[in-house]
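Residues per chain, in single letters:
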Amino acid sequence: MTAPDICPLGIDGILVRFSTALSEEANQTAIAFRQRVAEADIPGVTDIVPSLTTVRVGFDPSKTTRADVTAALKQVIHMPVSIDASPRRRWHIPVAFGPRHAPQLYQAAELAGVSVETAVAEITARNLRVIALGFAPGQPYLGMLPPHWDIPRQSELTPHLPSGALVVAVRQLIIFAADAPTGWRHIGQTAFQVYRPQAPEPFAFEPGDEVRFAQVGDSELDVLSNRTDTNGGARCEVLG
């Protein structure tokens, strides 16, 4: 990859952009860079937030300057390092694809050129990565699905989708963090809460985590939704 762009972002931010188009390499580089900046412990830096292909570095103008932070970031960029794309954690999350919980699965599968059965098989067979968090607290963008899943968003919004909804567009999946409207198609439902403000760690996911979906029936999901001893039946596996 070519050297990233370093751009000012507001009065207290710097944007490091690795690509203008989403790719596995650019996303993995952004996530790895975020970790390297955290380890560098640059004075005055307040937050380090990765996106699909960029990293925003925030700083406190009363404690440092943009020039000093930019110089430190350039040093981090030029440090010789190999990208370790291996996930540190793998989430196993139950999801229901029945008609009651997946009202637009048929439509999405048709756009992708596959049957509903093949669509479910492809989604549940794939190890997906958390490529970014955004739009709502802790809400994950998961990718990437095969190229035939590069389907467009809807031309109109669906007025309301429930928390835990699994939606798809542009080769990505999202688990909804809260009830909200969307232009993405609703193809499944989980009982998983990606954001629990009262928990010791409110955000379930970190960029780079791996996610594997497991198909369950509608009635089983109803049971999981009513349980208080588990987060939607999900299991987090710590990898070596």
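Just above sits the structure.
Worth saying up front: this structure is predicted, and the values here are computed from it rather than measured.

Draft legend 1. Main features of the sheet that holds strand S1 (residues 5-8). One open sheet holds the four strands; their spatial order is S1-S2-S4-S3, and the pairing between them is antiparallel. Of all the strands in the sheet, just S1 and strand S3 (45-50) have a single pairing partner and so form its edges. Strand-to-strand twist across the sheet, computed as the mean angle between neighbouring axes with direction ignored, equals 20°. Of the pairings in the sheet, the one linking strand S2 (residues 13-17) to strand S4 (residues 54-59) comprises five bridges and is antiparallel in character. Bridged to Val16 within S4 is Val55. In the packing of helix H1 (residues 24-40) onto the sheet, contacts are made with S2, S3 and S4, and the angle to S3 comes to roughly 165°. On top of the sheet, helix H2 (residues 66-77) reaches S1, S2, S3 and S4; it is set at about 25° to S2, its chief contact.

Draft legend 2. View of helix H4 (residues 116-125). Regarding H4, the residues found buried are Ala119, Val120, Ile123 and Thr124. In an axial view of H4, the angular spread of the buried residues amounts to 120°, which keeps them on one side of the axis. The elements touched by buried residues of H4 are helix H3 (105-112), strand S10 (172-175), strand S12 (185-189) and strand S13 (210-216).

Draft legend 3. Expanded view of the pairing of S2. With four of five residues buried, S2 lies mostly within the body of the structure. Bridge count for S1 against S2 is four bridges, and the pairing is antiparallel. Residue Asp5 lies in a different strand from S2, and its bridge partner there is Arg17. A loop of four residues connects S1 with S2, the two strands running antiparallel in sequence, and Gly10 in this loop sits at a positive phi of about 70°.

Draft legend 4. Geometry of the packing of H3 against H4. Running from amino to carboxyl end, H3 crosses H4 at an angle of 85°, the nearest separation of the two axes being 9 Å. The angle between H3 and H4 falls in the class roughly perpendicular. Residues Leu105, Tyr106 and Ala109 of H3 form the contact with H4, whose participating residues are Val116, Ala119 and Val120. Within the contact of H3 with H4, the residues separate by chemical class into six nonpolar, no polar and no charged.

Draft legend 5. Summary view of the environment of Thr65. Relative to the helices and strands, Thr65 is located in the loop between S4 and H2. A polar contact is formed between the side chain of Thr65 and the backbone nitrogen of Asp68, at a distance of 3.1 Å.

Draft legend 6. Focus on the side chain of Gln154. By the element assignment, Gln154 lies in the loop between strand S7 (140-143) and strand S8 (158-161). On the basis of relative accessibility, which here comes to 18%, the residue Gln154 falls in the buried class. At a separation of 2.6 Å, a polar atom in the side chain of Gln154 contacts the side chain of Gln104. Beyond its immediate stretch of four places on either side in the chain, Gln154 contacts Gln104, Gln107, Thr182, Gly183, Trp184 and Arg185.

Draft legend 7. Local environment of the side chain of Thr64. Positionally, Thr64 belongs in the loop between S4 and H2. Look past the residues within four positions of Thr64 in its chain and what remains in contact with it is Pro43, Gly44, Phe59 and Val69.

Draft legend 8. View of the packing of H1 against H2. Axis separation between H1 and H2 bottoms out at 10 Å; the angle between their running directions is 120°. It follows from the interaxial angle that H1 and H2 lie oblique. Crossing hand, H1 versus H2: right-handed. Contacts from Phe33, Arg36, Val37 and Ala40 of H1 reach H2 at Leu73, Val76 and Ile77. Taken together, the residues that form the contact of H1 with H2 break down as six nonpolar, no polar and one charged.

Draft legend 9. Here's a closer look at the nonpolar core. Grouped together as the largest cluster of nonpolar side chains are 33 residues, with contacts concentrated most on Ile93, Trp149, Leu173, Phe205 and Phe213. Listing elements by their share of this core, those giving two or more residues are strand S5 (89-96), H3, H4, strand S6 (128-133), strand S9 (165-169), S10 and S13. The biggest single contributor to this core is H3, with four residues. In this structure, Phe213 is in contact with Ile93, Val95, Ile123, Thr124, Leu128, Leu142, Leu166, Leu173 and Ile175, ignoring residues within four places of it in sequence.

About the criteria used
Residues numbered from 1 in each chain as written. Predicted model: local features only at pLDDT ≥ 70, side-chain atom pairs only at ≥ 80, totals over all residues. Heavy atoms only, no water. Pairing = 2+ DSSP bridges. Helix = DSSP H or I, 4+ residues; strand = E, 2+ residues; numbered from the N terminus. Axes fitted to C-alpha atoms, helices over the stretch in contact; angles between N-to-C directions. Contact = heavy atoms within 4.5 Å. Buried < 20%, exposed > 50% of the residue type's maximum accessible area, 1.4 Å probe, protein only. Arc of directions from axis to C-beta. Parallel < 35°, antiparallel > 145°, perpendicular 65-115°, else oblique. Nonpolar A, V, L, I, M, F, W, Y, C, P; charged D, E, K, R; others polar. Polar contact = N/O pair within 3.5 Å; in protein donor to acceptor, adjacent residues only side chain to side chain. Left-handed = near helix turned anticlockwise from the far one by under 90°. Core = buried A, V, L, I, M, F, W, Y, C linked by side-chain atoms within 4.5 Å.

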